[in-house]
Amino acid sequence: MASKVRNVILCLLCLLLFAWSSSSLLETLVQGQEVKDGDELVSAQGNFKLGFFTLESNNYYLGIWYNDNRQRQDNLVWVANRDTPIFNDSGSLTIDDNGNLKISHDGGLPIVLYSGQEGGNTSAVLLDTGNFVLRELNNSEELWQSFDYPSHILVPGMKLGVNRITGHTWSLTSWRGVVVPDLGVFTFGMDSNHTNQLVIMWHDNIYWTSGSLERGHFTSSFSGISDSYYNFSYMSNENETFFNYSVETSFTNSPRLMIDYLGRLSDDRGPLVDCISRFSGSSKMERCMPAQLPECRSPDDVFYSHFTFMYSDGFKFSESENLTLMDCEAKCLNNCSCVAYASTIEDAQTGCEIWTSTPARFNGSSNSNGRTIYFLNSAIANKEENRRPNRWWRWLIMAVGAIIISLY
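Note that the coordinates shown come from a computational prediction; the quantities given were computed from them, not determined experimentally. The residue numbering used here restarts from 1 in each chain and proceeds along that chain's sequence as written. Since the coordinates come from a predicted model, pLDDT governs what is reported: local features require at least 70, and pairs of side-chain atoms require 80 or more to be given and counted, while whole-chain, interface and lining totals use all residues. For the side-chain quantities, the full set of heavy atoms in the structure was used; hydrogens and water were omitted.

1. Section: the overall build of the protein chain
Alright, step 1. The numbering of helices and of strands both runs from the N terminus, where a helix is a DSSP run of H or I of at least 4 residues and a strand a run of E of at least 2. The number of helices and strands found in the protein chain is five helices and 32 strands.
Alright, step 2. To sort residues, take the accessible area from a 1.4 Å probe on protein chains only and compare it with the maximum for the residue type: under 20% means buried, over 50% means exposed, and anything in between is partly exposed. For the protein chain, with 408 residues in total, the buried portion stands at 44%.
Alright, step 3. Whether two residues are in contact is decided by their heavy atoms: any pair within 4.5 Å suffices. Here the contacts in the protein chain between residues at least 6 apart in sequence split such that 50% fall between residues at least 24 apart.
Alright, step 4. For accessible areas, the Shrake-Rupley method is used with a probe of radius 1.4 Å. Any residue's cover is judged against the shown protein chains and nothing else. When the accessible surface of the protein chain is totalled, it reaches about 21600 Å², and 52% of it is carbon and sulfur.

Structure, rendered in structure tokens:
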């Protein structure tokens, strides 16, 4: 009887050990282990987690996030395979026998994060800073770290700049849509021409500048970044020029900066830089660069959003162009006939459709097939419209005058 009880206890212990080891690997991944969908690395003090996640359909990504209860897109700080999602839950993070850090999955080649020398004895650890570091165990040399490949989030300890020897840059890149981590069209980093300031780039054009750095803060008066919470230390040596990011210890919330798919720079308290006047009708912030517009457009043009359904199709751009919502607005502005635009994929806010005339009929928000459509309120068209009554009054006065003359 005692032996049966002992065997049952041993079986239960084995099951518990298996369940624990399959869902949690503490903070370190060593050769021979793997992180699969459902498994997580947890930093020593529990600040961060690393694992696989999905935001839409069956696209899976490896990422790092704050260990809290927010939705995944709200607490992410890093995504490993932004432009190479895995199309099922077969992903597995491993360090192979050669010391290579890679993501293996069904139906495709491995996604290699680090390719080392043959026979390397390595392990990877998730630190409480949110950095994931691969080390050579024999001499503790750091071979690779996630902080060198930023996503859309900046956390303390990360940097923005350039390695002048290798050409490697440290910068943030926005997502392509609300739930699409693919590389977007906005980058936040060091100005390559004036290295003592930060810039937001839209494609290859300067979208916003911070002004010069003085005593750890920037000279521009834009909200938030110049307050006492955020410190950017300018550093330069023979190899690198960069800003190191830190925050005051009194900052109680997650002290991250984020560049979103609309080019807004925010922290968890709200937007710090927002140049998107056309979406709200508000004036632009300081140091937002003016848009290059054709003659048919005015800086006072405003798009107003309506959740509605169009009864006629517009012109749809190819999905292969990977257009964002801001790209779609630009397509409309640069087409003098365009009066409205919308994303073709509402939930993701990606793709682009434009209309060159407003349909006589469009439905209200009660339609289940509705989406957010942006209608143009053109300042130039309004001015022309305002002139029309004057012309009619002139014609009326001339006609009345002619009648009076004829009577005499």
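Moving on from the coordinates now.
2. Re the side chain of Arg371
Alright, step 1. Within the secondary structure, Arg371 is located in strand 32 (residues 371-377).
Alright, step 2. The buried category is assigned to Arg371, whose relative accessible area is 16%.
Alright, step 3. With near-sequence residues (within four places) excluded, Arg371 lies in contact with His306, Phe307, Thr308, Ala342, Ser343, Thr344, Glu346, Glu353 and Trp355.

3. Topic: the state of the cysteines
Alright, step 1. Criterion for a disulfide: a pair of cysteine sulfur atoms at a distance within 2.5 Å. Using the criterion set out here, one finds four disulfides in the structure.
Alright, step 2. Here Cys275 connects covalently by a disulfide to Cys288, the sulfurs 2.0 Å from one another. An S-S torsion of about -80° defines the bridge between Cys275 and Cys288 as left-handed. Remark: Cys288 occurs in the loop between helix 3 (277-280) and strand 27 (302-310) and Cys275 occurs in the loop between strand 26 (270-273) and helix 3; sequence separation between them is 13 residues.

4. Thoughts on the nonpolar core
The tendency in soluble globular proteins is for nonpolar side chains to be buried side by side.
Alright, step 1. Nonpolar cores were defined as sets of buried Ala, Val, Leu, Ile, Met, Phe, Trp, Tyr and Cys residues, with membership established by side-chain atoms within 4.5 Å. Counting 74 residues, the largest nonpolar core has Leu93, Leu101, Phe132, Phe188, Ile200 and Phe232 as the members making the most contacts within it.
Alright, step 2. Top element by residues in this core is helix 4 (residues 325-333). It accounts for six residues.
Alright, step 3. Apart from residues lying up to four places away in sequence, Ile200 is in contact with Phe186, Thr187, Phe188, Asn205, Ile206, Tyr207, Trp208, Ile259, Gly263, Leu265 and Val273.

5. Structural notes on the pattern of salt bridges
Alright, step 1. By salt bridge we mean one thing: a side-chain nitrogen of Lys or Arg within 4 Å of a carboxyl oxygen of Asp or Glu. Tallying each qualifying case throughout the model produces eleven salt bridges.
Alright, step 2. The partner of Glu34 in a salt bridge is Lys36, and the shortest N-O contact between them spans 3.9 Å.
Alright, step 3. Asp182 is paired through a salt bridge with Arg176; the nearest N and O atoms lie 3.9 Å apart. There is no split in this pair, since Asp182 and Arg176 are both buried.
Alright, step 4. A single network of salt bridges, built from pairs that share partners, joins Glu34, Lys36 and Asp39.

6. Here's the deal with the packing of aromatic side chains
Alright, step 1. Any two of the Phe, Tyr and Trp rings considered here, Trp counted by its six-membered ring, make a pair once their centres fall within 6.5 Å; the pair's planes then place it as stacked at under 30 degrees, edge-to-face at over 60, or tilted in between. The tally for this structure, following the rule as stated, stands at 17 aromatic pairs.
Alright, step 2. Arranged with centres 6.4 Å apart and planes meeting at 65°, the rings of Trp170 and Phe242 form a pair that is edge-to-face. Taken together, the residues Trp170 in strand 15 (residues 169-170) and Phe242 in strand 23 (residues 240-247) connect sequence positions 72 residues apart. One exposure class covers both Trp170 and Phe242, and it is buried.
Alright, step 3. Here, a charge over a ring means that NZ of Lys or CZ of Arg falls within 6 Å of the ring centre while also lying within 35 degrees of the ring normal. The aromatic ring of Trp65 is capped on one face by Arg72, whose charged end is 4.0 Å from the ring centroid.
Alright, step 4. Positioned above the aromatic ring of Phe242 is the side chain of Lys159, whose terminal nitrogen or guanidinium carbon lies 4.5 Å from the ring centre.

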